[in-house]
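Now for the letters of each chain:
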Amino acid sequence: MELKSNHSSPVLTDPIPVNNSRLGIHSNLLSYQQSGGSLSSGKYMTIPRKKPGKLEDVWSNGWLEAMRSSSPPRKRLIKDKDFNIEVAADDFDIAYCSWMIKYPSALKSFDQILKNAKNKKVAVFLDYDGTLSPIVDDPDLAFMSGSMRSAVKDVAKYFPTAVISGRSRDKVYELVGLTELYYAGSHGMDIMGPVSHAESGDHPNCIRSTDQLGKEVNLFQPAREFIPMIDEVFKSLVENTKDIKGANVENHKFCTSVHYRNVEEKNWPTIAQRVHDILKDYPRLRLSHGRKVLEIRPVIDWNKGKAVEFLLESLGVRDRDDVLAIYIGDDKTDEDAFKANCKYKFKTLNQVFRERNLGYGILVSSVPKESNAFFSVRDPSEVKKFLKALVTWKKFEKA
Ligand SMILES: O=P(O)(O)OC[C@H]1O[C@H](O[C@H]2O[C@H](CO)[C@@H](O)[C@H](O)[C@H]2O)[C@H](O)[C@@H](O)[C@@H]1O
């Protein structure tokens, strides 16, 4: 969606996406109960246990395949899918090095980045989990280090900076704890951004509010009407997964997540089937896969990429030729941001970067994986080095 010309609601008029693979649900299930205008079926007021469906559903719709490949192993022993063998660290290093030819290190390419950043307005967008904080077993313990916090704080002194997370905005703010940033929670469906450039503020679902310091901000929540439905589904998910050891359900207000990182692999089909059975009753919700997490979110035309575009618009730089947007993230949902449109001919950040050097994505990954990003860094410690390098350059440039 192009922000400047479209001021209508991002809620899709057709609640059932044409591309059924987005839901990962068979097309025959999609004909099931279109709930029309009602956003809450009211079915789960007493939160009943669902009768289990057939396990074949989650095998055949690809959920289990996606769950298995959703997060790299932490030790460097990688399963080679084609040959069904474990690849040793040395071989893995070779694979990683050849992958880096396609996704060069943002640290090693820093001079090239600086050349492109010169005389441009740089805006920095950061994912949270796996980017600013390392991936850990308990989502409540995913803290960023003090040194990472001060690196982000310094970046925000010199560049407009936003954190864009799958978590609720309140939660990610609590974890980051910096008032200098803009925050977008729930995969970009809850944005607190600047008021200075009014066009994005004209958007429906955009209201004036105040931030933690009492400063005026724009609050943009395109999925507001889904709050009761998400709450209902959250409760149903909690009820229907409570007997699965290690399962953990989080409510992010505009979306909800079911974690299976701590669930024994033999129980993954069960957890997937339970989620699948619940989603069958909610055709206006869809599933996406994150790192050992099933993410349930509204079927609306909004994602982290749209959030980047919205913030660039709010900052008044989206249609400028002298902007350089940098997005750093590690997860599948960050791919939407790597594909975000700069206004220039509706090209993605990376297309524009290649042609006009206006923006790019940096993938955080210690294993080779396909991405829409332009550069890569290995892990959060390299993210920190990159952020510090940006600050040093700016300080030096200003001096
Ligand atoms: O967009 P993000 O900020 O990256 O948020 C995506 C999800 O991150 C969290 O889960 C992930 O990190 C956890 C802590 O390291 C880890 O235990 C889990 O396996 C990962 O999927 C968060 O808890 C989710 O709700 C977010 O959707």
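All values derive from a computational prediction rather than experimental measurement.

Draft legend 1. Expanded view of the overall build of the protein. If you tally the helices and strands in the protein, you get 14 helices and 15 strands. In the protein, which comprises 399 residues, the share counted as buried stands at 54%. Put simply, 68% of the contacts in the protein that link residues at least 6 apart link residues at least 24 apart. By element, 52% of the accessible surface of the protein is carried by carbon and sulfur atoms, the whole surface being about 17500 Å².

Draft legend 2. Layout of the pairing of strand E6 (residues 190–193). In E6, alternate side chains face the same way, and those of Asp-190 and Met-192 on one face and Ile-191 and Gly-193 on the other are all buried. In terms of strand pairing, strand E5 (residues 182–185) meets E6 through three bridges, oriented antiparallel. Across the sheet, residue Ala-184 finds its bridge partner in E6, namely Ile-191. Hairpin geometry of E5 and E6 is characterised by an intervening segment of four residues between the two adjacent antiparallel strands and by a positive phi of about 50° at Ser-186.

Draft legend 3. Main features of the site of the ligand. Taken together, 21 residues form the shell around the ligand, and within it Val-136, Glu-250, Arg-261, Arg-291 and Lys-304 come nearest. Contact distances for the ligand include 3.5 Å between an oxygen atom and a backbone N or O atom of Asp-137. One of the side-chain N or O atoms of His-252 is found 2.7 Å from an oxygen atom in the ligand. Considering the ligand on its own, with 560 Å² of exposed area, one finds that the protein chains cover 99% of that surface. Because more than half of its atoms lie within 2 Å of the grid, the ligand is assigned to the largest cavity.

About the cut-offs
- Residues numbered from 1 in each chain as written.
- Predicted model: local features only at pLDDT ≥ 70, side-chain atom pairs only at ≥ 80, totals over all residues.
- Heavy atoms only, no water.
- Helix = DSSP H or I, 4+ residues; strand = E, 2+ residues; numbered from the N terminus.
- Buried < 20%, exposed > 50% of the residue type's maximum accessible area, 1.4 Å probe, protein only.
- Contact = heavy atoms within 4.5 Å.
- Areas by Shrake-Rupley, 256 points an atom, 1.4 Å probe, with all protein chains shown as cover.
- Pairing = 2+ DSSP bridges.
- Near = heavy atom within 4 Å.
- Polar contact = N/O pair within 3.5 Å; in protein donor to acceptor, adjacent residues only side chain to side chain.
- 1 Å grid on protein atoms, 1.4 Å probe; cavity = no way out; pocket = protein on both sides within 12 Å on 5 of 7 lines; lining within 4 Å.
- Sits in = over half its atoms within 2 Å of the grid points.

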